[in-house]
Structures are given as C-alpha cells and as structure tokens.
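Here is how the chains run, residue by residue.
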Amino acid sequence: MAPLSELERAYDKLSRKRSFRKRLESLLRDFAGRPTPLYLAERLSDHFGGAKIYLKREDLLHTGAHKINNALGQVLLASEMGKRRIIAETGAGQHGVATASAAALFGIECVVYMGEKDMRRQRVNVERMGLLGAEVVAVDAGARTLKDAINEALRDWVTNVRTTHYVLGSVLGPDPYPRMVRDFHRVIGLEAKKQLKKQAKRDWPDLAIACVGGGSNAIGLFSAFLSDSRVRLIGVEAGGTGAALGEHAARFSGGSVGVLHGTKTLLLQDGDGQVAATHSVSAGLDYPAVGPEHVALRDRGRTEYTSATDAEAVAAFHLLSRIEGILPALESAHALAEVAKHAPRLSKDKIVLVNLSGRGDKDVESVMEYDQNDQGGE
Amino acid sequence: MSALGWRAGASSAANSSAIGEAFARAKSQKRAAFIPYITAGDPDLETSAVLLRVLADSGADIIELGVPFSDPIADGIVNQRAATRALASGTTLSGLLELVSRSRDQIGIPIVLFTYFNPLHARGLRLFAEQASASGVDGVLCVDLPPIEAATDYVPALRDAGIDTVFLLAPTSDRSRVREVAEASTGFVYYVSRTGVTGTRSELPPELLEEAKRLRRRVALPLAVGFGISTPEQVRAVGKVADGVVVGSALVRIIEDGVGSSDLVRDFGRKALELSDALR
C-alpha cells in the first residue's frame, strides 16, 4: 500500500532526527508528565508476604494511560508529514482520549472509531473525547468492539489517505506500525530500569509483568529487559469467563496463526478462518489478535504468556484500590492478578515489576455492574 | 498495444484462460465485458445458485463471487451486510466451492472469487487451490494480499492449479506497484476506481477515465474497473475506457431489499439486464 511506504519513509527519517526526538521528549515531559514514578507498593508486598512489588505508574500520565506516549509520537509525526486529519480506533477509550488530546494540542481534526458496545461500557471516555474536540463515530458492525473499530478506521484511511494519518493504538497492523508503536513505548522500560537502579540498587527485576491486549504496554516494558536473561517476562491476556472460543481473548492458549488487519500473528478464529468473537470485562484487552512481536518473543522462549479471568482481574482491581489507594484500569488489573500467583512464593529479596498501564476511573461503572451481577448469583 | 511502453514478462504470455477468452469475446463485439458481483450465500447458497444463472442469462461475461468474511475491510456497508447475512446462513468455504461446482458448467462463464486472505490461509493455500480448481473456479482476487507478499506461496499455488491470479491497482498505486501487479496478475487486472471501499457513489471521480486510459497503456492484460459503479450511465462511461466493468453493491442492494420477497429474482434480473445492456 502506497500510504504505508510513505509512512515508513517518514518515520524512519524523522525518528532519527535530533529535532524530532527533542520535541517529543519535551512533549512527553511537559505535556504528558514523564517520567512516571516507580512506586514500591509496600502494603501490597506485605499482603502477599513475598517479593517486593514495584508499580510503574503509567496510570499517572496525562489522559490516564501509557497510550499518550504513542499518540504524541504519531501525531507529531503526522503533523511533520503535513497531514491535516487524524483518525484512530479505540477499545477502552484510552487510546482515543490520548489521540484526541494530542490532536487538540496540534490543532488537527480528529475522528475516533469506537465499537458501540465499548461506547456503552466506557461512556466517560466517549464524553472526554467529545470535550477534546474529537468526533466519535459509533461502529455497529460485527461484535461492536475494538476489532470492528479497526475495520472502520482502515476503511476511512484507504478512502482519505491523502489527507489523513491513522494513529493505530497498539503493536498491531502492517509495518511500520508494530515497531513504531513499540519504539514510542520503549520509554516505559528504560525509565523503570533507571529507577530500579536508584531505588532498589539493581537495574533489573526478577519478574516483569504486563497485560497484553495488542501488547503495546507490555512491549514497552519488556523491551528494556529482553537482553537480560535474569529477568522473567510474563504477559497476561484476558481469560474472560471460560476457555471456549468466544468467552475470552487468550490468543496464546486458544489461537492459531492467521492474518487480520495486515498482520500475520496468533488469532482467535474458527476452522474456516472466520475471526472469532472475544470476551473480556476489560474493553482494552477484548481483541482477537496479538501483536506479532509477542509471538516471535514467545517462540524464541524469551517471554511467557498466561491469562487472568474476569473474576481474577476484578478481585485485583478491588485489592489494589483498598490497600494501596490506587484504582487500576481493568486492563492493568489483569497484570496485578498474575502478581498474586507469584509474589507469595518469591523471597523478600526478589523484585516483581508490574506495569500499571492505566488508571481505573473509566472502569468504575463496569466494576459496579460486574459486582452487582456477581452478587446476583451468576 | 505491444508498442506502447513496457510490458511485464508474466502478463505478456497469451491470455488463454476462460477469463482471457471472455474478454476476447467481448472485445470482438467491440464492447467491455460485464462483470457483476454477488456474495456467495447471501442470503443463502440456494438463492446464490439461482442468481448465478440469472446473471449468466442477463449477459454477464464473468461473475465475481464474494467469499464472505467476518472482517471485510475493503468493503462498504452494503457488502459488509451481505457477508454478515451469508455467514449467518451458515455459508462456509466448502459450501461455496460446492456452489461453484454445481453452477460453473451450467452457466458456462468464468467465476472469479473475490476474497480476503485469512479464509484461504486457514484452508491451506495448496489445498484451497486444488479444491477451487476442481470446483471450476477460474480466478481468484485476494483483496488484502499485496503482489509482493503473494509471490512466494500464493501465486505459485494458484498457477499450478490453473487458476488466474487477479490483483488490484488503486489511484494511489505508484509506478513500481503497477509493475508488481502487472507481473503477478493473470486473466485481468482490477483497477479500483477511487481510493476507498466498495459501494455505490453518485458520481464517478473525474480523473477516472484518464487514469484508466493511462493504465491500459502500461498493463498488457485486460483492465477491469470496479468500486462505486452502480448506474447504467456509469457502466457505459467506464465501458468506453476499460476492458471490463464490475458492478457489485448496486446488485447486492437489490438482494438486500428483496430478502424474503418472491420478487427478488425478478427484480435482480431486471437490474442485471439493465446494467448489462448499457455495454451493448
């Protein structure tokens, strides 16, 4: 596709330019609030009675999640490319809000595609995007979630490609997107490494954990530790309500190789190559394919993937809220659920690093609804 | 045409397939070929079997048959809904190939599958090519597979099975893409009339006719033009500069409006004839 080669050329050229990198650095610092703290969660650590748990506080970033790292990078790139219109897809709404903010900052028109089901469960974020001047387009095709929003954004992009840049929000899609989005999130792991050295007196954790939808926050965290074999890296997918196709978004356990949205990767699909429905309590993990670099890392034996169910994630959401005073995003709560499985068995001199990729303000309604249904005796 | 500009190696071979013959026959009648599109299984495979016969009887030269897919990113809303109806009625790739097998000899005109890559990948490219060939499929257009990436496995598998490989050109295609598509294609090359997805549009893009003329000088194979062509006037205008005219959504809309109605076949046939007559 012509627009992909145009984007690839622009990214490869600009990302090497000092002026571009300086501009992005200052935006990340002054607009987004980097560096984010590395927080030793002492009460959570005591609760499990084992390893020291450090949280990388991406939830404290402007707009509420790591997504702003990539949104600022891509919108800056689009503006340098002379594009006057930005489109994006969003699942949980965090990428949409981040992109809408960046577009407002640059004075660029912004249209965000969002599945109609996701618009209902992430209503606050829909309102936020509107206030930021973005147009939110409801997608009522297919499962009305993230996958369908990407379909619609791609249709818009091929129609308006001359004026428009598509800010894809995860390490998905055709080249150069997966590596570009990864590069914009590398800062997460690089900062954490530096902060660990200062705060924990060694610049590596024994275990690093992140949730994986498309996998952008996980790649951002993992990338700093890939060459350090002492660090065990675990990605956590959405286990949903069960193991049957349609009840989860666990691509590593339930997927097979397929092609979706220009990416060859692990995909939840039926025997005829039709993409399967997915389920997760968290809109941001509710997607049938996983970033291809995660599959490559797993195949090399460098990373491991597991899943947390809806129930485990919601329990972790409550735990962190109560004992640390932090409402985590339901996506990040999946990573916290995995911590519960490791921290108690690790000695006190071990370090677990968790990417707290987003804040949970957007999920208050979803959690209340979940708890009500749960108590109703499901 | 051989004196005009460069010609790609592969496409300069004789265009001797059933698809090539269909274009040659239309050309001998001094007209462009009429290439209607329907989605297989919309609203069910039994109806598709009837509609294939209606299209052939209405003067279709080649039929484009859509393989329904869960995520049809190159399609506008009308064809998206057609795919949804087809999948809801239980249409599978095997069922679709059985439909071709039952219909191909009866209708006597070539069938080109319009598909996305994942259903073929899931079947396995070699197995798919063998099964499609055995069913009587003449050509395959895989809309989300670029020619460069098709070169290693896809093109050899289909060629070995005697199936034509059709690729897309768009207004944004640069010189090197035109060359890649010309080299990877057999049967014909499909030019997308505008940047965007399938679906009816009220007007043709003004630059389309010039662009089609320019491409015909660069591509030795017949050039079919599709996406957004829906009225007899548009068919006539495009037919003056292209070797083939594809009409999809305008026909699919008749199916959508007629689901469950006893008038469906009559209305569909009327529309097909009206479009086909525009080229004669």
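For the structure, see preceding data.
I will try to describe carefully the structure that is included in this document.

Cut-offs used in this document
Residues numbered from 1 in each chain as written. Chains lettered and ligands numbered in written order. Predicted model: local features only at pLDDT ≥ 70, side-chain atom pairs only at ≥ 80, totals over all residues. Heavy atoms only, no water. Helix = DSSP H or I, 4+ residues; strand = E, 2+ residues; numbered from the N terminus. Polar contact = N/O pair within 3.5 Å; in protein donor to acceptor, adjacent residues only side chain to side chain. Contact = heavy atoms within 4.5 Å. Buried area = accessible area lost by both parts, 1.4 Å probe. Salt bridge = Lys/Arg side-chain N within 4 Å of Asp/Glu carboxyl O. Nonpolar A, V, L, I, M, F, W, Y, C, P; charged D, E, K, R; others polar. Core = buried A, V, L, I, M, F, W, Y, C linked by side-chain atoms within 4.5 Å. Buried < 20%, exposed > 50% of the residue type's maximum accessible area, 1.4 Å probe, protein only.

### Overview of the side chain of Lys56(A)
All names here are of chain A.
- You can see Lys56 is positioned in strand β2 (residues 52-57).
- Within the local environment of Lys56, its side chain forms a polar contact with the backbone oxygen of Thr36, the two atoms lying 2.8 Å apart.
- Each residue touching Lys56, except ones within four places of it in the same chain, is listed here: Arg34, Thr36, Pro37, Leu38, Ile188, Glu191, Ala192, Gln195, Leu353, Val354, Asn355 and Leu356.

### Remarks on the interface of chain B and chain A
- The partner chain A presents 26 residues to the 23 residues of chain B that form the contact.
- For the pairing of chain B and chain A, the buried interface totals around 1900 Å² over both sides, and the portion due to carbon and sulfur atoms is 47%.
- The largest contributions to the chain B side of the interface with chain A come from Asp71(B), Ile73(B) and Asn118(B), which together make up 28% of the buried area.
- Taken together, the connections running from chain B to chain A amount to 2 salt bridges.
- A salt bridge links Arg123(B) to Asp272(A); the shortest N-O distance between them is 3.4 Å.
- Going through the elements one at a time, α3 (77-88) and α5 (117-123) of chain B are the ones with two or more residues in the side of chain B that touches chain A.
- Considering each element in turn, the side of chain B that touches chain A owes the most residues, 6 residues, to α5(B).
- Classifying every residue of the side of chain B that touches chain A gives 11 nonpolar, 8 polar and 4 charged.

### Brief notes about the nonpolar core
- Counting 83 residues, the largest nonpolar core has Leu72(A), Leu77(A), Tyr166(A), Tyr177(A), Phe23(B), Phe188(B) and Tyr190(B) as the members making the most contacts within it.
- With 7 residues, the single largest contributor to this core is helix α4 (residues 67-80) of chain A.
- If sequence neighbours within four positions are ignored, Tyr177(A) has contacts with Leu4(A), Leu7(A), Gln74(A), Trp157(A), His165(A), Tyr166(A), Leu168(A) and Leu172(A).
- The next biggest cluster of nonpolar side chains, apart from the first, holds 73 residues, and it includes Ala161(B), Leu169(B), Val189(B) and Leu279(B).

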